[in-house]
2 protein chains.
Amino acid sequence: MKLSSRNLEVGLGKIYDVIVAGGGAGGLSAAIYLARYGLSCLVVEKGRGRSFWMQDLRNYLGLPPTTPGRELLRQGTEHALSLGVDYLRGFVEDATDEGDLFAVKVKVGKVNSLYPIFRSKYLIAATGIMDELPRLSDMQNVYDYAGYSLHVCMICDGYEMRDQKSVLIVNSEDRINTAFVLNWFTPYISVLTHGLCSVGPDMRKKLADHGYPLYESPIRRFLGENHQLQGVELEDGTYIEATTGLVAMGARYHNAYLKGIPGLKWQGENLLTDEWCRTAHPRLFALGDLKQGLNQVAIAVADGTLAATAIWRDIRRASPARKWEERLLSPPRSPAGPSGSSLN
Amino acid sequence: MKLSSRNLEVGLGKIYDVIVAGGGAGGLSAAIYLARYGLSCLVVEKGRGRSFWMQDLRNYLGLPPTTPGRELLRQGTEHALSLGVDYLRGFVEDATDEGDLFAVKVKVGKVNSLYPIFRSKYLIAATGIMDELPRLSDMQNVYDYAGYSLHVCMICDGYEMRDQKSVLIVNSEDRINTAFVLNWFTPYISVLTHGLCSVGPDMRKKLADHGYPLYESPIRRFLGENHQLQGVELEDGTYIEATTGLVAMGARYHNAYLKGIPGLKWQGENLLTDEWCRTAHPRLFALGDLKQGLNQVAIAVADGTLAATAIWRDIRRASPARKWEERLLSPPRSPAGPSGSSLN
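What you see is a predicted model; the values in this text were computed from it and never measured.

## Overview of the relation of the copies chain B and chain A
Both copies of the chain are related by a screw-like operation: a rotation about an axis and a shift along it.
Here's step 1: Take chain B, turn it by 180°, move it 0.0 Å along the axis, and it overlays chain A with an RMSD of 0.0 Å. Seen this way, the second copy is the image of the first under a two-fold rotation axis. Taking C-alpha positions as reference, the residue of chain B nearest the rotation axis is Ala-302 of chain B, located at 3.1 Å.
Here's step 2: With an isologous cut-off of 70% or more, the 100% of interface residues of chain B that recur at the interface of chain A puts this contact in the isologous class.

Laid out in structure tokens, this is it:
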């Protein structure tokens with residue numbers, strides 16, 4: 001059921017088996033599996049995550065390669081709702097382990113916000129990341145190209161960059177090394193620091209040896225039309241011809257709400273998990289971009305499958321065996337009947 | 001390009017980066033990623049694998065839950081072909097490690113068969129499993145219900161079995177333990193051995209304690225209409241009312257072609273792999289149902305992503321760096337141009 005500020009009591013009156021923080025590819029896959037295991041769950045989705053911005057989801061089996069990320073999210077949300085999942089637009093502010101339950105505080109609404117606290121046995125953290133983009137005075141100029149011909153994921157979009165003149169935009173010297181992977185797809189790479197970092201002599205020599213020019217003046221604007229990049233103009237007046245680009249400026253992790261939970265193991269901003277996506281906390285799972293590994297839709301979807309299955313095993317094994325008792329059998333349940341709370 | 005007995009020379013004239021044995025969910029996902037990494041690959045698909053028989057793919061994010069498995073395969077095959085993947089209908093008979101290359105012998109055509117041998121640097125084993133079904137004199141009677149109301153995967157279809165009278169069909173005493181997981185979804189379980197195994201006193205007592213009747217006579221026929229099971233008739237004349245069923249008789253593994261490769265690590269018929277789906281052989285990967293883990297479409301698709309990415313990293317790191325050389329730049333390549341062999 002869709003929850004909103006008008007019917008929060010529906011969720012506040014329950015103890016969910018699982019709260020899924022984040023309704024992207026990983027969170028929705030987890031919700032679908034959880035519902036099909038007969039477990040109750042609440043998905044909290046802030047909106048406009050990484051997959052929302054994908055113009056074309058070119059490498060996910062089963063969908064035409066022109067499918068936008070938001071179509072995957074729309075279909076998945078509808079699928080989850082059809083299985084009885086609760087779904088709330090909101091921002092997860094904080095998660096606290098109360099012992100047997102997690103208390104999850106959600107900000108609902110941008111004005112006159114409400115701050116309900118929902119409770120669950122398990123928590124799935126699937127809030128993902130957002131790629132950093134170069135900040136220009138006119139951000140619309142960035143959004144006109146980002147996700148179209150200015151990419152943030154080489155694995156996703158390197159294929160579209162093949163042998164084109166490209167810009168690689170970085171914010172640290174270390175990230176310039178991305179050029180020496182990107183050159184698998186194209187060797188025509190101009191490196192732009194946007195004025196954000198200094199570059200030492202070793203890296204300058206390495207770039208020169210490969211023939212990759214380095215530009216250290218800030219970007220003034222991207223040029224092109226209909227989302228197709230044609231070049232980049234720098235603050236110092238330099239014009240760089242480029243029909244594609246890769247932004248390698250790192251990402252913001254939506255994980256602040258987890259920082260108060262003791263004992264979690266982090267590698268940088270990524271959570272470390274086992275092969276079932278279980279963190280060092282036995283009732284907390286992390287999926288997709290939030291955990292170590294490839295940031296790919298296919299991986300997040302499988303992570304949702306794994307986490308939901310591990311939680312089902314936990315809950316099932318802790319539940320009493322259901323015996324065949326005739327008194328429970330009549331009236332017979334329809335094969336197409338709704339999910340029942342009796343499974344819990 | 002689609003290959004067949006008429007144009008095998010197209011593939012015989014190449015050394016592929018990768019041969020993908022099996023064009024199910026895992027193999028097709030791998031092929032799509034490999035092609036997008038600019039690597040050449042040949043998919044060999046025998047047809048009619050496990051996902052082909054799925055009537056409804058109810059738990060794969062992005063597709064409506066009524067999507068048949070063969071629609072996923074059709075879309076994925078079209079996707080892979082559009083990226084320049086070679087695709088051949090055939091049966092992988094044998095794989096031999098020749099040192100730097102694998103030689104993969106394929107049977108093409110059921111009559112007047114040809115046995116071409118293709119070569120590749122890497123091999124992805126994605127040939128999966130086929131679930132065993134009870135053998136009746138009239139197999140059409142089994143196929144009328146299998147995949148509809150007679151299921152083979154509890155994770156996939158337990159939801160559809162909820163609180164219905166069900167039969168659990170096994171071929172060994174050990175597999176009767178499936179009842180004590182299936183009872184999460186329904187406790188109305190009749191266990192049928194189809195006359196294939198004996199059952200000891202401890203298991204008989206456990207079943208009796210749960211109220212699950214045991215029937216040891218062979219199945220004569222399934223009864224119902226329009227693929228909807230209503231009951232099962234045994235050879236001894238017993239009639240068992242049931243609107244759903246689960247077959248837990250194990251599976252046949254399509255892995256015979258790998259048995260001559262030394263050093264692989266097996267657990268039963270499953271290949272053991274690392275977190276990138278790499279087997280103990282550094283150039284051989286195993287995906288999906290063939291490796292240890294959950295037999296789920298979402299897992300196989302992610303496995304394809306992982307294996308393709310690991311292979312790309314291997315090949316890329318072993319390749320010379322591409323420098324910006326102006327002489328290679330003209331004429332400029334179209335952003336939408338085809339994949340070039342120059343990447344290899």
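## Description of the sheet that holds strand S15 (residues 239-241) of chain A
Remark on secondary structure: sheet strands pair via backbone hydrogen bonds, oriented parallel or antiparallel.
All names here are of chain A.
Here's step 1: Taken in spatial order, the three strands line up as S13-S14-S15 in an open sheet, and their pairing is antiparallel. Each edge of the open sheet carries a strand with a single partner, namely strand S13 (219-225) and S15. Each strand of the sheet is rotated relative to its neighbour by a mean of 25°, with strand direction disregarded.

## Some thoughts on the interface of chain B and chain A
Here's step 1: Listed as interface residues are 76 residues of chain B and, on the opposing side, 76 residues of chain A.
Here's step 2: Across the pair Asp-163 of chain B and Arg-322 of chain A runs a salt bridge whose closest N-O atoms are separated by 2.7 Å.
Here's step 3: Here chain B is connected to chain A by 26 residue pairs in polar contact (both at pLDDT 80 or more).
Here's step 4: Broken down by element, the residue count for the side of chain B that touches chain A peaks at 11 residues, all from helix H8 (residues 297-317) of chain B.

## As for the nonpolar core
Here's step 1: Ranked by internal contacts, the top residues of the largest apolar core, which has 136 residues, are Tyr-60 and Ile-124 of chain A together with Tyr-60 and Ile-124 of chain B.
Here's step 2: Those residues in contact with Ile-124 of chain A, other than ones at most four positions away along the chain, are Val-18, Ile-19, Val-20, Ala-21, Ala-30, Leu-34, Phe-285, Leu-287, Ala-307 and Ile-311 of chain A.

## Quick word on the side chain of Thr-178 of chain A
All names here are of chain A.
Here's step 1: Secondary-structure assignment places Thr-178 in the loop between strand S10 (166-170) and helix H6 (179-182).
Here's step 2: Looking at Thr-178, its side chain comes within polar contact range of the main-chain oxygen of Arg-175, at 2.7 Å.
Here's step 3: Not counting chain neighbours up to four residues away, the residues in contact with Thr-178 comprise Met-154, Leu-168, Leu-246 and Ala-248.

## Here we look at the environment of Val-301 of chain A
Here's step 1: Turning to its location among the elements, Val-301 of chain A is positioned in helix H8 (residues 297-317).
Here's step 2: Given the relative accessible area of 1%, Val-301 of chain A is considered buried.
Here's step 3: If we ignore the near neighbours within four places in the chain, the residues touching Val-301 of chain A are Ala-25, Gly-26, Ser-29 and Tyr-60 of chain A together with Leu-61 and Ala-298 of chain B.

## Notes on helix H3 (residues 69-82) of chain B
All names here are of chain B.
Here's step 1: Compared with an ideal rise of 1.5 Å per residue, which puts 14 residues at 20 Å, H3 spans 20 Å between its outermost C-alpha atoms and is within 8% of the ideal.
Here's step 2: Next to the buried residues of H3 lie helix H2 (25-36), strand S4 (86-89) and H8.
Here's step 3: Positive phi shows up at Gly-84, right after H3, with a value of about 95°.

## Observations concerning unusual backbone geometry
Residues and elements named next belong to chain A.
Here's step 1: Despite not being glycine, Arg-48 shows a phi value in the positive range, around 60°.
Here's step 2: Assignment of secondary structure puts Arg-48 in the loop between strand S3 (41-45) and helix H3 (69-82).
Here's step 3: Even without being a glycine, Cys-277 presents a positive backbone phi close to 70°.
Here's step 4: Locating Cys-277 in the fold gives a position in the loop between strand S19 (270-271) and strand S20 (284-286).

## Description of the sheet that holds strand S13 (residues 219-225) of chain B
All names here are of chain B.
Here's step 1: Pairing within the open sheet is antiparallel, and its three strands lie in the order S13-S14-S15. What marks the edges here is a single partner per strand, and that holds for S13 and strand S15 (239-241). With direction set aside, neighbouring strand axes in the sheet form an average angle of 25°.
Here's step 2: With six bridges joining them, S13 and strand S14 (residues 228-234) adopt antiparallel strand pairing. Across the sheet, residue Phe-222 finds its bridge partner in S14, namely Val-232.

## Focus on the packing of aromatic side chains
Here's step 1: Under the counting rule described, the total for this entry stands at 15 aromatic pairs over all chains.
Here's step 2: Look at Tyr-37 of chain A and Trp-312 of chain A: their rings are 4.3 Å apart centre to centre, the planes differ by 5°, and that puts the pair in the stacked class. Separated by 275 residues along the polypeptide, Tyr-37 of chain A in the loop between helix H2 (25-36) and S3 and Trp-312 of chain A in helix H8 bring together distant segments of the chain. Each member of the pair, Tyr-37 of chain A together with Trp-312 of chain A, is buried.
Here's step 3: Summarising the aromatic geometry, the rings of Phe-185 of chain A and Trp-312 of chain B are spaced 5.6 Å apart at their centres and angled 45° between planes, so their arrangement reads as tilted. A residue pair is termed interchain when its members come from two chains, as with Phe-185 of chain A in the loop between H6 and strand S11 (189-192) and Trp-312 of chain B in helix H8.
Here's step 4: For Phe-185 of chain A, a relative accessible area of 0% puts it in the buried group.
Here's step 5: What makes Trp-312 of chain B buried here is its relative accessible area of 2%.
Here's step 6: Among the aromatic side chains, those forming a connected cluster through ring pairs are Tyr-33, Tyr-37 and Trp-312 of chain A together with Phe-185 of chain B.
Here's step 7: The ring of Phe-180 of chain A carries Lys-206 of chain A above its face, with NZ or CZ at 4.1 Å from the centroid.

## Some points on the side chain of Arg-36 of chain A
Here's step 1: Within the secondary structure, Arg-36 of chain A sits in helix H2.
Here's step 2: Among the polar contacts listed, one links the side chain of Arg-36 of chain A to the side chain of Glu-160 of chain B, at a separation of 2.6 Å.
Here's step 3: Look past the residues within four positions of Arg-36 of chain A in its chain and what remains in contact with it is Leu-83 of chain A together with Arg-58, Asn-59, Cys-156, Asp-157, Tyr-159, Glu-160 and Phe-185 of chain B.

## Thoughts on the packing of H2 of chain B against H3 of chain B
Residues and elements named next belong to chain B.
Here's step 1: In the contact formed by H2 and H3, the axes pass within 9 Å of each other and the chain directions differ by 25°. Taken together, H2 and H3 sit at an angle that is classed as roughly parallel. Between H2 and H3 the crossing geometry is left-handed. Where H2 abuts H3, its residues Ala-25, Leu-28, Ala-31 and Ile-32 lie against Leu-72, Leu-73, Gly-76, Thr-77, His-79 and Ala-80.
Here's step 2: Class assignment for the residues of the contact of H2 with H3 results in seven nonpolar, three polar and no charged.

## So, the confidence of the model for chain A
Here's step 1: The share of residues in chain A with pLDDT of 70 or more is 95%, and the mean pLDDT across the chain is 94.
Here's step 2: Note on residues 332-344 of chain A: pLDDT is under 50 here. Beyond four places in sequence and across chains, it has 25 contacts.

## A closer look at a positive patch on the surface
Here's step 1: Where like charges cluster on the molecular surface, the positive patch consists of Lys-2, Arg-48, Arg-89 and Lys-110 of chain A.
Here's step 2: By the secondary structure assignment, Arg-89 of chain A is in strand S4 (residues 86-89).

## A word on the environment of Lys-105 of chain B
All names here are of chain B.
Here's step 1: As for its placement among the helices and strands, Lys-105 is situated in strand S6 (residues 102-107).
Here's step 2: With relative accessibility at 32%, the residue Lys-105 sits in the partly exposed group.
Here's step 3: The spatial distance from the C-alpha of Lys-105 to the C-alpha of Glu-93 is 5.5 Å, given a sequence separation of 12 residues.
Here's step 4: In contact with Lys-105, not counting residues within four places along its chain, are Phe-91, Val-92, Glu-93, Asp-94, Tyr-115, Pro-116 and Ile-117.

About the thresholds
Residues numbered from 1 in each chain as written. Chains lettered and ligands numbered in written order. Predicted model: local features only at pLDDT ≥ 70, side-chain atom pairs only at ≥ 80, totals over all residues. Heavy atoms only, no water. Least-squares fit on C-alpha atoms with pLDDT ≥ 70 in both. Contact = heavy atoms within 4.5 Å. Pairing = 2+ DSSP bridges. Helix = DSSP H or I, 4+ residues; strand = E, 2+ residues; numbered from the N terminus. Axes fitted to C-alpha atoms, helices over the stretch in contact; angles between N-to-C directions. Salt bridge = Lys/Arg side-chain N within 4 Å of Asp/Glu carboxyl O. Polar contact = N/O pair within 3.5 Å; in protein donor to acceptor, adjacent residues only side chain to side chain. Core = buried A, V, L, I, M, F, W, Y, C linked by side-chain atoms within 4.5 Å. Buried < 20%, exposed > 50% of the residue type's maximum accessible area, 1.4 Å probe, protein only. Expected span 1.5 Å × (residues − 1). Phe/Tyr/Trp six-rings, centres within 6.5 Å; stacked < 30°, edge-to-face > 60°. Lys NZ or Arg CZ within 6 Å of the ring centre and 35° of its normal. Parallel < 35°, antiparallel > 145°, perpendicular 65-115°, else oblique. Left-handed = near helix turned anticlockwise from the far one by under 90°. Nonpolar A, V, L, I, M, F, W, Y, C, P; charged D, E, K, R; others polar. pLDDT = per-residue confidence, 0-100. Patch = residues over 30% accessible without salt bridge, like charges linked within 9 Å, V, L, I, M, F, W, Y side chains within 5 Å. Areas by Shrake-Rupley, 256 points an atom, 1.4 Å probe, with all protein chains shown as cover. Lys, Arg positive; Asp, Glu negative; His and termini not counted. Charge placed at Lys NZ, Arg CZ, Asp CG, Glu CD.

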